Amino acid sequence: MLYRVIDANELPALVEAFMRDYEVIAPVRSGKSFAFETVHSFDEIVLDYPTTLTSLKKYLLPPRETLFEYDMEDGVTDYVLQVRPRVLFGAHACDINAMNNLDLVFDDKRYPDPYYEAHRRATMIVGIGCIPSDSCFCHLLDSGEVRSGYDLFLADIGGRYLVSIGSVEGANILEAACNPREATDADRRAFREYTRRRQQAFNPDIPSVQEIPMLMDAFHSDDFWEELGSRCLNCTACASVCPTCYCFDICDVLDPNAQTGRRERVWDACTSPQFALVTGGHNFRSGTRERVRHRMYHKLNGFNSKYGRYLCVGCGRCVHACKTDISPIKVLEFFERKGAEDAE
């Protein structure tokens with residue numbers, strides 16, 4: 001990995017360089033919170049933001065997307081996706097890791113998804129280091145740092161940024177817009193201090209649990225899931241804000257003339273009561289216990305068993321989105337209690 005250092009006052013020039021050829025999407029203030037939106041000036045961007053309410057997933061996997069159009073007389077017409085080149089500027093490590101997880105699913109070389117691939121190819125990513133908030137637990141799920149999936153990654157080391165370069169395109173734009181220099185011993189010391197400060201900022205009340213996948217299997221039938229699932233309102237807010245929920249439904253939308261229409265892919269959620277409903281009225285997960293457990297199992301075990309990494313990236317968005325206090329943190333707390341009981 002190649003590292004360079006730029007001064008903080010060079011950052012506006014870097015953003016302006018991207019704006020010449022790309023749509024720049026960056027964190028901005030949105031009411032009392034923050035959100036990723038298209039920006040037209042560096043002054044709109046807030047880089048020291050806490051986790052945004054919603055994730056960057058929608059830019060790679062839109063909530064509703066046309067797959068093809070059809071006409072009763074002319075048949076099916078392939079839908080040509082027009083994707084403007086864009087830069088996701090200021091993404092946290094957890095969100096970049098989340099997009100890397102989506103790549104494993106939709107950019108699978110055996111069954112590539114052309115719609116996802118079109119968005120991904122047109123997207124550059126510039127990440128930035130962050131100081132975690134109380135609901136962040138990315139460090140417990142190996143998502144607190146990111147080693148791939150970005151073009152540039154910035155770490156604020158006091159008046160300057162240590163830049164990790166992840167692509168030739170990123171390096172070229174950085175070189176053209178700024179005056180990058182090699183890191184000095186002082187820069188490296190400043191980065192180590194930033195790393196220590198970040199690590200110390202994580203909420204110590206969120207338990208660090210070892211062997212999470214094994215525990216998900218060991219306590220698969222525990223009454224805990226009945227209690228946790230009984231709170232679920234089936235609102236699917238968790239899936240809407242989650243950066244790694246990728247379930248979708250396919251819908252045919254007929255126009256009012258009853259002659260033309262389109263097939264669309266729309267977001268879905270495994271916590272929806274209809275998600276596992278099949279022909280004949282059979283529902284493989286008819287209760288909230290089964291649905292909540294299934295979601296947590298996929299996040300903390302199922303995806304890991306196939307790809308070797310947790311699907312949950314510990315961003316903490318579901319902690320705030322769920323009105324009945326259901327989140328992976330509750331699962332970690334449950335495992336910690338079980339460990340304490342076994343130690344007695």
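Look up a bit, the structure's there.
Quick caveat: nothing in here was measured; it's all calculated off a predicted structure.

Cut-offs and rules
Residues numbered from 1 in each chain as written. Predicted model: local features only at pLDDT ≥ 70, side-chain atom pairs only at ≥ 80, totals over all residues. Heavy atoms only, no water. Disulfide = S-S within 2.5 Å. Buried < 20%, exposed > 50% of the residue type's maximum accessible area, 1.4 Å probe, protein only. Helix = DSSP H or I, 4+ residues; strand = E, 2+ residues; numbered from the N terminus. Arc of directions from axis to C-beta. Salt bridge = Lys/Arg side-chain N within 4 Å of Asp/Glu carboxyl O. Core = buried A, V, L, I, M, F, W, Y, C linked by side-chain atoms within 4.5 Å. Contact = heavy atoms within 4.5 Å. Pairing = 2+ DSSP bridges. Axes fitted to C-alpha atoms, helices over the stretch in contact; angles between N-to-C directions.

J.: Let's hear about the state of the cysteines: which residues, and what values?
T.: Throughout the structure, instances matching the rule amount to 0 disulfides. Unpaired in this structure, Cys 138 has its nearest cysteine sulfur neighbour in Cys 94, at a distance of 5.8 Å. Take Cys 138: its relative accessible area is 5%, and that puts it in the buried class. Here Cys 232 is not disulfide-linked; the sulfur of Cys 235 is the nearest cysteine sulfur, at 6.6 Å. You can call Cys 232 buried: its relative accessible area is 18%.

J.: So, helix 1 (residues 11-19): which residues are in play, and what are the values?
T.: By the burial criterion, the buried members of helix 1 are Leu 11, Leu 14, Val 15, Ala 17 and Phe 18. Each buried residue of helix 1 sits inside an arc of 155° when the element is viewed along its axis, so together they form one side.

J.: Quick one: what's the story with unusual backbone geometry, residue by residue and with numbers?
T.: Phi at Asp 142 is positive, roughly 60°, even though this residue is not glycine. Following the sequence through the fold, Asp 142 ends up in the loop between strand 7 (123-128) and strand 8 (152-156).

J.: Break down the pattern of salt bridges for me, citing the residues and quoting the values.
T.: Under the criterion given, the structure shown has 22 salt bridges. Here Lys 109 and Asp 107 are joined by a salt bridge, their closest N and O atoms 3.8 Å apart. Among the residues examined, Lys 109 registers a relative accessible area of 68% and is labelled exposed. Asp 107 sits in the partly exposed class, given a relative accessible area of 24%. Linked by salt bridges that have partners in common, Arg 64, Asp 255, Arg 262 and Glu 264 make up one network.

J.: Please provide a residue-by-residue account of the nonpolar core, values included.
T.: Leu 14, Phe 18 and Phe 89 are the most contacted members of the largest nonpolar core, which has 27 residues in total. Mapped onto this core, the elements with two or more residues apiece are helix 1, strand 2 (23-30), strand 6 (86-91), strand 7, strand 8, strand 9 (160-165) and helix 4 (168-177). No other element matches helix 1, which puts 5 residues into this core. Setting aside chain neighbours within four positions, we find Phe 18 in contact with Val 24, Val 87, Phe 89, Met 124, Val 126, Leu 152 and Ile 173.

J.: So what's going on with the sheet that holds strand 9? Which residues, and what values?
T.: In any sheet, the strands associate via hydrogen bonds between backbone groups, in a parallel or an antiparallel arrangement. Spatially, the 7 strands line up as an open sheet ordered 1-9-8-7-6-2-3, and their pairing is mixed. Looking at the sheet topology across the chains shown, the edges are occupied by strand 1 (2-7) and strand 3 (33-39). In this sheet, adjacent strand axes meet at a mean angle of 25° when their direction is disregarded. Of the strand pairs in this sheet, strand 7 and strand 8 are connected by 3 bridges, and their pairing is parallel. If you follow Ile 128 over to strand 8, its bridge partner there is Leu 154. Lying on the sheet, helix 1 is in contact with strand 1, strand 2, strand 3, strand 6, strand 7, strand 8 and strand 9; it crosses strand 6 at an angle near 155°.

J.: Please provide a residue-by-residue account of the pairing of strand 10 (residues 248-254), values included.
T.: Alignment of strand 10 against strand 11 (residues 260-267), held across 7 bridges, turns out to be antiparallel. Of the residues in strand 11, the one forming a bridge with Phe 248 is Trp 267. Hairpin connection from strand 10 to strand 11: 5 residues lie between these consecutive antiparallel strands, with Ala 258 at a positive phi of about 60°.

J.: Account for the sheet that holds strand 4 (residues 64-71), with residues named and values stated.
T.: Taken together, 4 strands build an open sheet; the order of strands is 5-4-11-10 and the sheet is antiparallel. This sheet does not close on itself; its edge strands, each paired only once, are strand 5 (75-78) and strand 10. Between one strand and the next, the sheet's axes are offset by a mean angle of 25°, whatever the strand orientation. Sheet topology note: the strand 4/strand 11 ladder contains 7 bridges and is antiparallel. Each residue of the ladder has a partner; that of Phe 68, found in strand 11, is Arg 263. Here helix 3 (residues 114-121) sits on the sheet in contact with strand 4 and strand 11, set at roughly 130° to strand 4.

Interpretation in functional terms is not warranted from these geometric data alone.
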